[in-house]
Amino acid sequence: DSEGDRIGAAGTSPNLETYAAIIEGSALMHQPDEAYRLFDEMKQRGIQPDRGIFIKLIDVCSLNAEKTRAFAVFEEAKAQGLTPDTELYNALLNVLAECCDAQVFDIFNDLKYDRHRLSIKPNQDSYNILLKAALKQNNIKHALFLHDEMCEPTCIVSPDTVSYGLLMDICAANRDVALASEFILDMKRRNVPPTINTYSRFMNVFVQVDDPGVVEV
């Protein structure tokens, strides 16, 4: 029996909130197939998914880097009448980042330049997802471009501790101690307090180049 059937047998009719919770649980347990089955089941029961469930299901697609399914869910949300917002786009961008798919940069630019006239813009998560994409593709040039863009006075976001952590990882992948050190100074200049996690990732840059300077960090 399905989870929905078991809930029904207990005398409670599953509703939107019920399915949202058990789909969330399936995602947390890394059971994407169960999440997809529950999504289909709720629709068969006449329960219409809301924006939150569509976002969660696209998030589930990132577990196995299922970009085709993610695009299908995104299009289904639009077909249902939902206007894509930044969070829905971020979910799709995250799947593409996990897939190392270059489309992530094109879709980010759709969002940034509002090419579909949706009156939405990227947020902090959007930029950090793009930094993750740059890390996965080992594209240090694009990572630096994103950092510089976030530092512009006209940008609606600024680098945060998540951003700098990802930049440290990119420096480690490229064995660039000098650049990592500059990012630490940049954090201090911008009043972004480095965390223990930031310093740990900073030290990892030294480890990657077998630099004894790590003991002085």
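A brief report on the enclosed structure follows. Just so it is clear, the structure is predicted and the values come from calculations on it, not from any experiment. (Residues numbered from 1 in each chain as written. Predicted model: local features only at pLDDT ≥ 70, side-chain atom pairs only at ≥ 80, totals over all residues. Heavy atoms only, no water.)

**Notes on the overall build of the chain**
Counting its regular elements, the chain contains 12 helices and zero strands. Going from the N terminus to the C terminus, the chain shows its helices and strands as α-α-α-α-α-α-α-α-α-α-α-α. Referenced to the eigenvectors of the C-alpha coordinate spread, the extents of the chain come out at roughly 65 × 40 × 30 Å. Evaluated residue by residue, the chain yields a buried proportion of 43% over its 217 residues. Of the contacts formed within the chain by residues at least 6 apart in sequence, a portion of 61% connects residues at least 24 apart. Summing over all exposed atoms, the chain offers an accessible surface of approximately 10900 Å²; the carbon and sulfur share of this is 50%. Averaging the coordinates of the 21 positive side-chain charges in the chain and doing the same for the 33 negative ones gives two points 3 Å apart. (Helix = DSSP H or I, 4+ residues; strand = E, 2+ residues; numbered from the N terminus. Buried < 20%, exposed > 50% of the residue type's maximum accessible area, 1.4 Å probe, protein only. Contact = heavy atoms within 4.5 Å. Areas by Shrake-Rupley, 256 points an atom, 1.4 Å probe, with all protein chains shown as cover. Lys, Arg positive; Asp, Glu negative; His and termini not counted. Charge placed at Lys NZ, Arg CZ, Asp CG, Glu CD.)

**As for helix α9 (residues 140-150)**
Considered for burial, the residues of α9 that qualify are Ala143, Leu146, His147, Glu149 and Met150. Burial along α9 is one-sided: seen end-on, the buried residues are contained in an arc of 165°. Looking at the buried side of α9, the elements it contacts are α7 (103-112), α8 (124-136), α10 (161-173) and α11 (177-189). (Arc of directions from axis to C-beta.)

**So, the packing of aromatic side chains**
Applying the stated criterion across every chain, the model contains five aromatic pairs. Judged by centre distance (5.0 Å) and plane angle (80°), the ring pair of Phe108 and Tyr127 falls under edge-to-face. Taken together, the positions of Phe108 in helix α7 and Tyr127 in helix α8 put the pair 19 residues apart, joining distant regions of the chain. In this structure, Arg69 packs its charged tip against the face of Tyr36, placed 3.7 Å from the ring centre. (Phe/Tyr/Trp six-rings, centres within 6.5 Å; stacked < 30°, edge-to-face > 60°. Lys NZ or Arg CZ within 6 Å of the ring centre and 35° of its normal.)

**Things to note about α8**
For α8, which comprises 13 residues, the first-to-last C-alpha distance of 19 Å matches the rise-based estimate of 18 Å (1.5 Å per residue) to within 8%. Among the residues of α8, those classed as buried are Ser126, Tyr127, Asn128, Ile129, Leu130, Leu131, Ala133 and Ala134. In the core, the buried residues of α8 are packed alongside α6 (86-98), α7, α9 and α10. Immediately downstream of α8, the backbone of Asn138 shows phi near 50°, a positive value. (Expected span 1.5 Å × (residues − 1).)

**Structural notes on the pattern of salt bridges**
Throughout the structure, instances matching the rule amount to 18 salt bridges. For Glu34, the salt bridge identified is with Arg37, shortest N-O distance 2.7 Å. Residue Glu34 and its partner Arg37 are located together in helix α3 (residues 32-44), separated by three residues, close to a single helical turn. The exposure class assigned to Glu34 is partly exposed, which follows from its relative accessible area of 25%. (Salt bridge = Lys/Arg side-chain N within 4 Å of Asp/Glu carboxyl O.)

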